[in-house]
Amino acid sequence: MNAITQIKAVPNLDNMVSFMMGGEVLALPSSVIREIIEPPHITPVPLADIHSPGLINNRGNVIPITDLRPVFGMVQKPFDLDTRIMVIEIEMAEGPMVVGLIAEKVDAVISLDPAMLRPVAAVGSRWPAASVAGVGRWDGHFVHILNIERIFEDHLGIPGSLNDCEKIKTTL
Amino acid sequence: MDQETEEVFRQEAESLIESLQAGLLDLKRDPENMEVVSQVFRDLHTIKGTGAMFGFQRLADFVHDFEAAFEGVRSGTTSITDDLIDVSLKAYDLIVSLLEGDAPDPQVDADLKRALKAATGAEVAMPNSEEPAPTVSGAPLGAPWLLKISLPDDLIEIGGNPVALINELIELGNNDVSVKARVGETSPVFSEMNPSKIYLAWEIELPAETGEQDIRDVFMFHEGRMTLDLMRVPESVDAARTDAVAPAAPFVAAPAATPADNAQKPQSAGPDKKRGATAGRTKGQMRVPSERLDDIMDRVGELVIAESRLATLSSKIDSLELREMVETIKRLALGLRHTTMAIRLSPLSSITGKFHRLAHDLSGKTGKKFDLIIEGEDTELDKSVIDALTDPLVHILRNAVDHGLESNADRVAAGKPERGTVTLSARHSGADVLISVTDDGKGLNPDFIKERAVARGLVEPGATLSRNEIFALLLEPGFSTAETVTDLSGRGVGTDVVKNTVEGLRGSIYIDSELGRGATFTLRLPLTLAIIEGLMIQVGTERYTVPLSAVEGIVELPEKLEAVTEMCSVVELDDNLVSILRLRKAFGVPGDAPRHSKIVLVRANDEQVGLVADRIIGSFQTVIKQLSPLHTRLNVFSGATILGDGTVALIVDVAQIVRSQNIENSQKRRVA
């Protein structure tokens, strides 16, 4: 577990988008984010899993909405003025997938110092180790960098695109 | 060869080999048809020529002998026999695999060449094809060839490469070739030369043993538009002979020339261009990569959505002019949609060649003599549906012959005509296409199938099933495995795969059979996959679309049933018992259903089922958008669509929702 593997696993720490979910500060690399929009009308999908409750029309494409909060046992704060949908595109086994991720608030584009990056605590964290690529510090907060592909694979049941070897690397 | 050229070659070769196979199978039925013989010969000749041109040397060598066999037939020295057709079909397979870039054992080529010779009963030497070259008089046959050519001056503009042609000649002559370029006498002054035109003529000497036809073949695509003068070298013109290889750049970059309209130049480019390659293809058609069509279809889909949004907007603004404009756009969009769909449609005949071939092979393998009759070959379906259908149909046909037809002796014993008949027929039925495969074999034994299904735990022992329900069991996964099929009168090797493919295309399968008389497998498929007519309904606050093709009627929910709250129940409607499914319950909508709910009667899995909706909104053009894997696994919705106001509505997969919600219920009913 050294700084070099961490940098490999989390490319471009200079360009992270930080956002709030369940009261925690999280971050995703800006490269996976297509756009950040105010919540449009969401069409509920009956019988769907709680983490993917509906569909939206995003520029003529129908994309699913994903709510990661129930997956990690977070309280689902109702939509308010700060709520945003982060439209992200991730690479999964069956090709690229575009989903709208619910964020309670989107903060800023931030840079994280690779030297300050730590793995997620093995005990006592709500985050399974594989779901977080690392924990950084920014503006006096801890920032969890999500390993979004792994979350979709492990918790939402979408086959991932990484082979086992790469997985070991990204889990730190 | 760059990718684009390769693609063009691949497409051309594809149409040629299709035509070749069709020709061979036609000849099997009608060996005397000289027109078909000529067609086969032309196809082979073109495959050889283009193959050599694009570097498929092994292919070209092999086809050379194949072609020679048919030249024998064409000239009447030998005739079409079953043997020859059999060998030819095998040779066709080799061509296909060579074109696909496989590298089969070279022994295969040699064996087939021998077999071809044996089948034509001749030691075959390659005779001259199409235009026999004028015999050259006055020069000894052993003298080297002298070839004088001037190429079409726009050869480079149309994508030709003179250097490649000359290199080909050099290769033909085993590098023992001399090339001299001549500048035309009436070339324009240097400043007026067009660097993409050819102003040179060539004199090329080739070794005496080079085949005359091989030399001519190099220029087969240009022969109508160039001057080509091939003769034996009159004695002692050998003077300038060198081993020179023509360097490419100087020839083209520093041309000396004739003006484009010079009389020395051949006639203008005409239909002759690429004559060989276009032979055997219908005039006025073009091949387009299917992605482009998909692209157009996507855009038409967007247009339909935009148009319905516009209509919604205009209804809020009271303007006659605007409304007129909206009407016009609506009409145009509809027309465009129909045209685009028509482009995507492809006749069933585009895949029937495979079936004729399959029938030929099956007949050989099983020893059963039968006729394959194809009806409604011109029935058109979406190209993607046709492509996806090939495998299921091959499967069903194979089963029909393998397990349906009796041996010829058994047929005679049963008082049937000795030759069996398998019919593949296609026809339109509303917005669907029905494709059925019928055999006149021994048919399906329902008792046997039911026994088997009970043994496999697919149905309860006491269940009462209709005939069609029993036959449908054949399609269940796990009904039968390869080793049980032969001792069972039924079929079913992998028929669950067939079922999955067909349902993936939003189609269904229906099986009927009369014991001792034969069986029919009918596939019902939608015309197209991209846009459907949908019936929009409201359940709770949300709107949903049901494919109109599945809808058989709409009735009011009888008042006495409004208080019933179970999700599924069986009710009496117009003296019929109908299972109904309350969508409010199925979709978990809270609260009571409004009064005057409607029942949408749909046909699902050969059963009429009523879906109870709060309100019917109307029928709409529905552009289908795929769902992400997060939602496809629900197996309740087949897609989503964007409505006029920009919101998303789900498309209900009728067969799936009935199966997932209702199957337990109806099984219970049957068992009870």
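Residues numbered from 1 in each chain as written. Chains lettered and ligands numbered in written order. Predicted model: local features only at pLDDT ≥ 70, side-chain atom pairs only at ≥ 80, totals over all residues. Heavy atoms only, no water.

## Details of the sheet that holds strand β1 (residues 145-150) of chain B
Residue and element names in this part refer to chain B.
Turning to step 1, where the next piece is worked out: Reading across from one edge, β2-β3-β1-β4 is the order of the four strands in this open sheet, with antiparallel pairing throughout. At either end of the open sheet lies a strand with only one pairing partner, and these are β2 (178-183) and β4 (227-232). The average angle at which neighbouring strand axes cross in this sheet is 15 degrees, direction not considered.
Turning to step 2, where the next piece is worked out: Bridge count between β1 and β4: six bridges; the pairing is antiparallel. Counted as the bridge partner of Ile149 is Leu228 from β4.
Turning to step 3, where the next piece is worked out: Packing of helix α6 (residues 162-172) onto the sheet brings it into contact with β1, β2 and β3 (200-206), and relative to β3 it is tilted by some 15 degrees. (Pairing = 2+ DSSP bridges. Helix = DSSP H or I, 4+ residues; strand = E, 2+ residues; numbered from the N terminus. Axes fitted to C-alpha atoms, helices over the stretch in contact; angles between N-to-C directions. Contact = heavy atoms within 4.5 Å.)

## Here we look at the confidence of the model for chain B
All names here are of chain B.
Turning to step 1, where the next piece is worked out: In this model, chain B carries a mean pLDDT of 76, and residues with pLDDT of at least 70 account for 82%.
Turning to step 2, where the next piece is worked out: Note on residues 123-139: pLDDT is under 50 here. Beyond four places in sequence and across chains, it has 31 contacts.
Turning to step 3, where the next piece is worked out: Taken together, the stretch residues 481-493 has pLDDT below 50 and engages in 37 contacts with residues farther than four places along the chain or on a different chain.
Turning to step 4, where the next piece is worked out: Interface confidence for the predicted complex, given as ipTM, is 0.85, next to a pTM of 0.51. (pLDDT = per-residue confidence, 0-100.)

## Here's the deal with the interface of chain A and chain B
Turning to step 1, where the next piece is worked out: The partner chain B presents 23 residues to the 25 residues of chain A that form the contact.
Turning to step 2, where the next piece is worked out: Taken over both partners, the interface formed by chain A and chain B buries close to 1,900 Å², and the fraction arising from carbon and sulfur atoms is 68%.
Turning to step 3, where the next piece is worked out: Applying the counting rule to chain A against chain B returns zero salt bridges.
Turning to step 4, where the next piece is worked out: At the surface where chain A touches chain B, the tally comes to two residue pairs in polar contact (both at pLDDT 80 or more). (Buried area = accessible area lost by both parts, 1.4 Å probe. Salt bridge = Lys/Arg side-chain N within 4 Å of Asp/Glu carboxyl O. Polar contact = N/O pair within 3.5 Å; in protein donor to acceptor, adjacent residues only side chain to side chain.)

## Side note on helix α2 (residues 34-53) of chain B
Turning to step 1, where the next piece is worked out: The end-to-end C-alpha separation of α2 of chain B is 28 Å, in line with the 28 Å expected for 20 residues at 1.5 Å each.
Turning to step 2, where the next piece is worked out: The opening residue of α2 of chain B is Asn33 of chain B, an N-cap whose side-chain oxygen sits 3.0 Å from the backbone nitrogen of Glu35 of chain B. (Expected span 1.5 Å × (residues − 1).)

## Topic: the sheet that holds strand β19 (residues 615-623) of chain B
All names here are of chain B.
Turning to step 1, where the next piece is worked out: Reading across the sheet, the five strands line up as β19-β12-β13-β21-β20 and stay open at both edges, with mixed pairing between neighbours. Strands at the two margins of the open sheet, each flanked by one partner only, are β19 and β20 (637-642). Shown here is a sheet whose adjacent strand axes are inclined to one another by a mean of 35 degrees, direction ignored.
Turning to step 2, where the next piece is worked out: Taken together, the six bridges between strand β12 (residues 531-539) and strand β13 (residues 542-547) define a ladder with antiparallel strand orientation. Paired with Leu535 across the two strands is Val546, which belongs to β13.

## Considering unusual backbone geometry
Turning to step 1, where the next piece is worked out: Of note, Leu47 of chain A is a non-glycine position whose phi angle comes to about 70 degrees, a positive value.
Turning to step 2, where the next piece is worked out: You can see Leu47 of chain A is positioned in the loop between β4 (43-44) and β5 (54-58).
Turning to step 3, where the next piece is worked out: Residue Leu47 of chain A is classed as partly exposed on the basis of its relative accessible area of 42%.
Turning to step 4, where the next piece is worked out: Of note in this structure, His596 of chain B is not a glycine but carries a positive phi near 60 degrees.
Turning to step 5, where the next piece is worked out: With respect to the helices and strands, His596 of chain B occurs in the loop between α19 (583-586) and β17 (598-604). (Buried < 20%, exposed > 50% of the residue type's maximum accessible area, 1.4 Å probe, protein only.)

## Regarding the packing of helix α4 (residues 82-99) of chain B against helix α5 (residues 106-120) of chain B
Residue and element names in this part refer to chain B.
Turning to step 1, where the next piece is worked out: Where α4 meets α5, the closest approach of the two axes is 9 Å, and the angle between their N-to-C directions is 155 degrees. Of the possible angle classes, the one that applies to α4 and α5 is roughly antiparallel. Note that α4 runs across α5; the crossing there is left-handed. Counted together, Asp83, Leu84, Val87, Ser88, Lys90, Ala91 and Leu94 of α4 and Val108, Asp109, Leu112, Ala115, Leu116, Ala119 and Thr120 of α5 form the full contact between these two elements.
Turning to step 2, where the next piece is worked out: Of the residues contributing to the contact of α4 with α5, the split by class is nine nonpolar, two polar and three charged. (Parallel < 35°, antiparallel > 145°, perpendicular 65-115°, else oblique. Left-handed = near helix turned anticlockwise from the far one by under 90°. Nonpolar A, V, L, I, M, F, W, Y, C, P; charged D, E, K, R; others polar.)

## With respect to the environment of Val602 of chain B
Residues and elements named next belong to chain B.
Turning to step 1, where the next piece is worked out: Take Val602: it is sitting in strand β17.
Turning to step 2, where the next piece is worked out: Along the backbone, Val602 and Ala655 are 53 residues apart, and their C-alpha atoms lie at a distance of 9.0 Å.
Turning to step 3, where the next piece is worked out: Among residues more than four places away in sequence, those in contact with Val602 are Val546, Ala550, Val551, Glu552, Glu607, Gln608, Val609, Leu611 and Val654.

## A look at the confidence of the model for chain A
Residue and element names in this part refer to chain A.
Turning to step 1, where the next piece is worked out: Here chain A averages 83 in pLDDT, while 87% of its residues score no lower than 70.
Turning to step 2, where the next piece is worked out: Across residues 1-10, where pLDDT falls below 50, the model places 16 contacts with residues more than four positions away in sequence or in other chains.
Turning to step 3, where the next piece is worked out: Contacts from residues 167-172, a stretch scored under 50 in pLDDT, to residues over four places away or in other chains number 18 contacts.

## Brief notes about the pairing of strand β18 (residues 607-613) of chain B
Residue and element names in this part refer to chain B.
Turning to step 1, where the next piece is worked out: With five of seven residues buried, β18 lies mostly within the body of the structure.
Turning to step 2, where the next piece is worked out: With four bridges connecting them, strand β16 (residues 576-582) and β18 associate as parallel partners. Bridging across to β18, Ser579 finds its partner in Val609.
Turning to step 3, where the next piece is worked out: Where β17 meets β18, seven bridges bridge the pair, whose relative direction is antiparallel. Residue pairing for β18: Ile599 is matched across the bridge by Val612.

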